[in-house]
Amino acid sequence: MYQNYKSAELVKPGGLDLKDRLVGVQRVTKVTKGGRAFGFSAIVVVGDEAGVVGQGLGKSKDVASAIAKAVEDAKKNLVRIPIRKGTLPHEQKGKYGGARVNIIPAAPGTGVIAGGAVRTVLEAVGVHDVLSKSQGSSNPHNVVKATFDALLQLRDANTIAKDRGISLEKVFNA
């Protein structure tokens, strides 16, 4: 799922204290010749609030099992996100479908200034001070994936120094 990202570090769920957060539940309808068949799809974000986060989608005939399936799916897609002093290392834009998300690091004490699905993802990651703007589609599925797109593009200074083959001081004092 995250093959396109160089810095995506996949994490195994064993030994992590993961908290799951429900982003949304949709009732879906399939019309058959015998009438309407109702089902549910749930999107869930799980995280340890210390840089590890994952998202999953579950579908079922009832809400409880849809959520349970979504949590299991989310635990299979865990990634590590670089966090610096409770905020992000740098500003980043993410895109998925029609949804666009812009996340910006903030000074300590700012809090999580984000709406809906973006807030859920950022809180699950463990970011305490961040500004964000969601534009375009407000579909929670696409907004969550756009937020993950932005988070997976984040790189800390050590990673940048290693990629460029230079010292950490040279990254800041080019």
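Going by an unreviewed UniProt entry, the protein carries the name Small ribosomal subunit protein uS5 and comes from Seonamhaeicola aphaedonensis. Regarding the protein, the UniProt comment filed under Subunit (unreviewed entry) reads as follows: "Part of the 30S ribosomal subunit. Contacts proteins S4 and S8."

**Q** Would you take a moment to explain the domain arrangement of the protein for this structure?
**A** Interface size is often expressed as the accessible area that is lost when the parts come together. With domains assigned, the protein is organised as domain 1 (9-79) and domain 2 (83-163). Between domain 1 and domain 2, the contact holds 18 residues from the first and 14 residues from the second. Taking both sides of the interface into account, the surface hidden between domain 1 and domain 2 amounts to around 1,300 Å²; carbon and sulfur atoms contribute 75%. Contact with domain 2 buries surface across domain 1, with Arg21, Val23 and Gln55 losing the most and accounting together for 34% of the total.

**Q** In this structure, what is going on with the packing of helix H2 (residues 116-125) against helix H3 (residues 140-152)? I would like to understand it.
**A** In a packed pair of helices, the relevant descriptors are the angle between the two axes and the axis-to-axis distance. Packing of H2 against H3 leaves a shortest axis separation of 8 Å and a crossing angle of 40°. Overall, the two elements H2 and H3 adopt an arrangement that is oblique. When you trace H2 past H3, the crossing you get is right-handed. In this structure, H2 uses Ala117, Val118, Val121, Leu122 and Val125 to contact H3, whose residues at the interface are Pro140, Val143, Val144, Thr147, Phe148 and Leu151.

**Q** Any chance you could explain the nonpolar core here in plain terms?
**A** Soluble, globular proteins show a tendency: their nonpolar side chains are buried together. Ranked by internal contacts, the top residues of the largest apolar core, which has 27 residues, are Val53, Ile81, Ile103, Leu122 and Leu151. Those elements that place two or more of their residues in this core are strand S3 (35-47), strand S7 (99-105), H2 and H3. The element best represented in this core is H3, accounting for seven residues. Each of domain 1 (9-79) and domain 2 (83-163) accounts for three or more of the residues forming this core. When near neighbours in sequence (up to four residues on either side) are disregarded, Ile103 contacts Leu88, His90, Glu91, Gln92, Leu122, Val130, Leu131, Ser132, Ala150 and Leu151. In terms of nonpolar packing, the next biggest core, distinct from the first, is built from eleven residues, Val11, Leu18, Ala42 and Val52 among them.

Quick notes on the rules
- Residues numbered from 1 in each chain as written.
- Predicted model: local features only at pLDDT ≥ 70, side-chain atom pairs only at ≥ 80, totals over all residues.
- Heavy atoms only, no water.
- UniProt positions renumbered as here; feature names shortened; annotations may be inferred.
- Domains from an automatic or database assignment.
- Contact = heavy atoms within 4.5 Å.
- Buried area = accessible area lost by both parts, 1.4 Å probe.
- Axes fitted to C-alpha atoms, helices over the stretch in contact; angles between N-to-C directions.
- Helix = DSSP H or I, 4+ residues; strand = E, 2+ residues; numbered from the N terminus.
- Parallel < 35°, antiparallel > 145°, perpendicular 65-115°, else oblique.
- Left-handed = near helix turned anticlockwise from the far one by under 90°.
- Core = buried A, V, L, I, M, F, W, Y, C linked by side-chain atoms within 4.5 Å.
- Buried < 20%, exposed > 50% of the residue type's maximum accessible area, 1.4 Å probe, protein only.

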